[in-house]
Amino acid sequence: MKYRTSISMLLAAGISLAATAQTHNMTVDVANPAATIQPTMYGVFFEDINFGADGGLYAELVKNRSFEFPQPFVGWTPFGDVTVMDENPAFDRNPHYVHVVNDGRLLRAGLDNDGYRGIGIKNGKEYRFSVYARTSDSRPVKIAVELINSAGDNPVKGELTVTGNKWEKYTLILKANYTDAHSRLRVLLPDKGTSVDMDHISLFPVDTWKNRENGLRADLAQAIYDLNPGVFRFPGGCIIEGNSLATRYQWKNSVGPVENRPLNENRWNYTFKHRAFPDYFQSLGLGFFEYFLFSEDIGAEPLPVVSCGLSCQYESNEVVPLDELEPYIQDALDLIEFANGDTTTVWGKVRAQMGHPEPFNLKMIGVGNEQWNKVYVERLEMFTKAIREKYPDIKIVGSSGPEADGEKFDYLWPEMKRVGVDLVDEHYYKEPNWFLANAGRYDSYDRKGPKVFAGEYASHDHSANKHNNWRAALSEAAFMTGLERNADVVLMATYAPLLAHFDAWQWNPDMIWFDNMQLMRTPSYYVQQMYGMNAGTDVLPLLMDGKPVTGQENLYATAALDSNTGEIILKIVNTGDKNAEVNINFNGLAKKSKIVSGYCTYLQNDSLIAENSLGNETIIPRTRPIKVSDKEIALDLQPYSFGVYRLQVSKK
Ligand code: AHR
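Residues numbered from 1 in each chain as written. Predicted model: local features only at pLDDT ≥ 70, side-chain atom pairs only at ≥ 80, totals over all residues. Heavy atoms only, no water.

Draft legend 1. Broad picture of the site of the ligand. The immediate surroundings of the ligand are formed by 13 residues, with Glu-47, Asn-369, Glu-370, Tyr-429 and Glu-456 found nearest. Between an oxygen atom of the ligand and a side-chain N or O atom of Glu-370, the distance comes to 2.5 Å. Separating an oxygen atom of the ligand from a side-chain N or O atom of Glu-456 is a distance of 2.8 Å. In isolation the ligand exposes 280 Å². Once the protein is present, 96% of that is buried. The residue inventory of the shell around the ligand, partitioned by class, reads seven nonpolar, three polar and three charged. (Near = heavy atom within 4 Å. Polar contact = N/O pair within 3.5 Å; in protein donor to acceptor, adjacent residues only side chain to side chain. Areas by Shrake-Rupley, 256 points an atom, 1.4 Å probe, with all protein chains shown as cover. Nonpolar A, V, L, I, M, F, W, Y, C, P; charged D, E, K, R; others polar.)

Draft legend 2. Just the sheet that holds strand β6 (residues 97-102), in detail. In spatial order, the strands read β5-β6-β14-β9-β12; together these five strands make up an open sheet with antiparallel pairing. The open sheet has two edge strands, β5 (81-85) and β12 (168-175), and neither has a second partner. On average, adjacent strands in this sheet sit at an angle of 35° to one another, irrespective of strand direction. (Pairing = 2+ DSSP bridges. Helix = DSSP H or I, 4+ residues; strand = E, 2+ residues; numbered from the N terminus. Axes fitted to C-alpha atoms, helices over the stretch in contact; angles between N-to-C directions.)

Draft legend 3. Representation of the sheet that holds strand β30 (residues 567-574). Taken in spatial order, the seven strands of this open sheet run β2-β27-β29-β30-β36-β32-β33, and their pairing is antiparallel. The open sheet has two edge strands with one neighbour each: β2 (35-36) and β33 (622-625). Alignment of strand β27 (residues 538-540) against strand β29 (residues 555-562), held across three bridges, turns out to be antiparallel. Bridge pairing in β29 links Asp-538 to Leu-561. On the sheet, helix α10 (residues 470-485) packs against β27, β29, β30, β32 (595-604) and β36 (641-649) and is oriented at approximately 50° with respect to β29. Relative to β32, helix α11 (residues 523-533) is tilted by about 160°, and along the sheet it contacts β30, β32 and β36. (Contact = heavy atoms within 4.5 Å.)

Draft legend 4. Highlighting the packing of aromatic side chains. Enumeration according to the criterion identifies 47 aromatic pairs in this entry. Consider the rings of Phe-46 and Tyr-291, whose centres lie 5.7 Å apart with planes at 55°: the pair is tilted. Taken as a pair, Phe-46 in the loop between β3 (42-45) and β4 (76-79) and Tyr-291 in helix α4 (residues 288-298) lie far apart in primary sequence, 245 residues in all. For Phe-46, a relative accessible area of 0% corresponds to the buried category. Note on Trp-209 and Phe-294: the rings are 6.0 Å apart at their centroids and 80° apart in plane angle, and the pair reads as edge-to-face. Placement of the pair is Trp-209 in the loop between β14 (194-205) and α2 (218-225) and Phe-294 in helix α4, with a sequence separation of 85 residues. Phe-294 carries the same exposure label as Trp-209, and that label is buried. Above the face of the Trp-268 ring, Arg-267 is positioned so that its terminal group lies 4.0 Å from the ring centre. A cation over an aromatic ring shows up here: Arg-521 above the ring of Tyr-525, its NZ or CZ 5.9 Å from the ring centre. (Phe/Tyr/Trp six-rings, centres within 6.5 Å; stacked < 30°, edge-to-face > 60°. Buried < 20%, exposed > 50% of the residue type's maximum accessible area, 1.4 Å probe, protein only. Lys NZ or Arg CZ within 6 Å of the ring centre and 35° of its normal.)

Draft legend 5. Looking closely at the pattern of salt bridges. Scanning the entire structure with this criterion turns up 36 salt bridges. One salt bridge in this structure joins Arg-379 and Glu-378, with 3.3 Å as the shortest N-O distance. The exposure class of Glu-378 is partly exposed, given its relative accessible area of 25%. (Salt bridge = Lys/Arg side-chain N within 4 Å of Asp/Glu carboxyl O.)

Draft legend 6. Expanded view of the domain arrangement of the chain. What the domain assignment reports for the chain is domain 1 (21-37 + 539-650), domain 2 (42-46 + 229-502) and domain 3 (76-205). The C-alpha-based centres of domain 2 and domain 3 are spaced at 38 Å. Domain 2 puts twelve residues into the contact, and the matching count from domain 3 is nine residues. Taken together, the two surfaces of domain 2 and domain 3 that pack against each other cover about 840 Å², and 36% of this comes from carbon and sulfur. (Domains from an automatic or database assignment. Buried area = accessible area lost by both parts, 1.4 Å probe.)

As structure tokens, then:
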């Protein structure tokens, strides 16, 4: 009778039955946590791609500061008598320097640096200029230093005086009186008849992350910190492998005084054997010490990855013979000593000399990036044996190759089990529909084998030129419910790549875009942040019609307990174009316990092709309170929405 009444009421209100939203009933089992969510679950993968390190996170503003690029004036415009030399250099591993003479033929002699697609200068901010210099002149030599905006007017000026024929470091602070994204740095000899040698010409903002002199760009570092990452994987990516073995990432070159870290080609200087970015090199100023320090700063477990003796298998595909692999393995062992060894060890002492006598407490290491075939497995086995022997507590991360499935993947997974690595790094750059269809990917994974590190993934919407749009981010949010539900198998997950310079990128989509002045967080950034800030500690079983919610009725959901606060956390995605009504019952709450309050943080947009833009982020998290009632809640999910619900539970 009641039923008939409600139908006639609906009809009277002009609402057809077909259009009436069905209510979906979900249950959360609060009493039976299914798995522990590791603190490493949501993390960050960092690589110097898209000018991510030099020109990005590393706050150095001068490109080719040591004149070591194969063409030593790349980045520089010399004027007057300027010669590159290497006799009696200041730094033996970076021997080039410039000899500048003001011979009076021109008014001045010197050189301009145009930074990384310009130098970003902000009005009122201070910049630390430094140079190593010497002069063979009998009297002191003046060096003028200027910041020049793109119009070329009103430079900010400073001056140094160089004395003597020994290399010395000279520093001055310049305070900007203008704002411009494409400034230049000019260093010149204003006086006739003077000459000087200069090397390692450097300019940093004074305001770096934590105000460190060899520091990180503060806004980018802060944005990474704000993700609340549990793990930090570095330094790549393909740059670990290099275009060739000679240009692989060698961590030992990236520690010690920055001035003497030898320049290395960046693998992203090439794209598919084509030299697309000839000015892309690695200064290694952001090196392994800085990466460990940053991991510590952001509260993430460091995950360094080392070359396994294979150069990029997409590029030169060079292979170190097995009987010549020992130095590569030694590098991995020494890296563990650098991170964890006490200050009496060779590499622990280097760490201490760099200012960090305490160990970095490294717990895991990646061997190889996304390698494949038998050549990889043979080398991985040798690394694994040596690392296990010397450091049995260190977890080893192997690879399942560059794809989420297929021949390489199918060969590698059983091999990873046989070799006995602790985690397998999976990579997938796929269409949004793949992410939606794979929300249940890990439900059937072997619970007894190595665990999964979803080390590189991103939704690539080819229908929108792989832009960072809402469709891509929403599909990632949906997929990630499956990562969390399977936290007993998936211990870590990191989106890739992290950073991209608007004017110098090789790969899209990326999580954070930036120019020389500011940054833009993509919808994918906010998805990652909402997961990272709301990871929870234990998975709670959540079912709809007795099944995990992996896309039925366009819904994806997972539930967790935060044992630190006692809150229940739900993550629910509605990929449909209509509202969805959901009732959620919480089973297993103590008799007198109830849900007392709750709020929702959500991302929503009616357009799947909507994007954020620089200076105008429209897809951002918003919050709203939700209605709760005793042991259940009723939610009205907006179309195309991702919500995180934090529910407070009374104890009695
Ligand atoms: O994230 C960009 C690249 O994708 C990584 O360097 C590599 O591991 C993968 O091919």
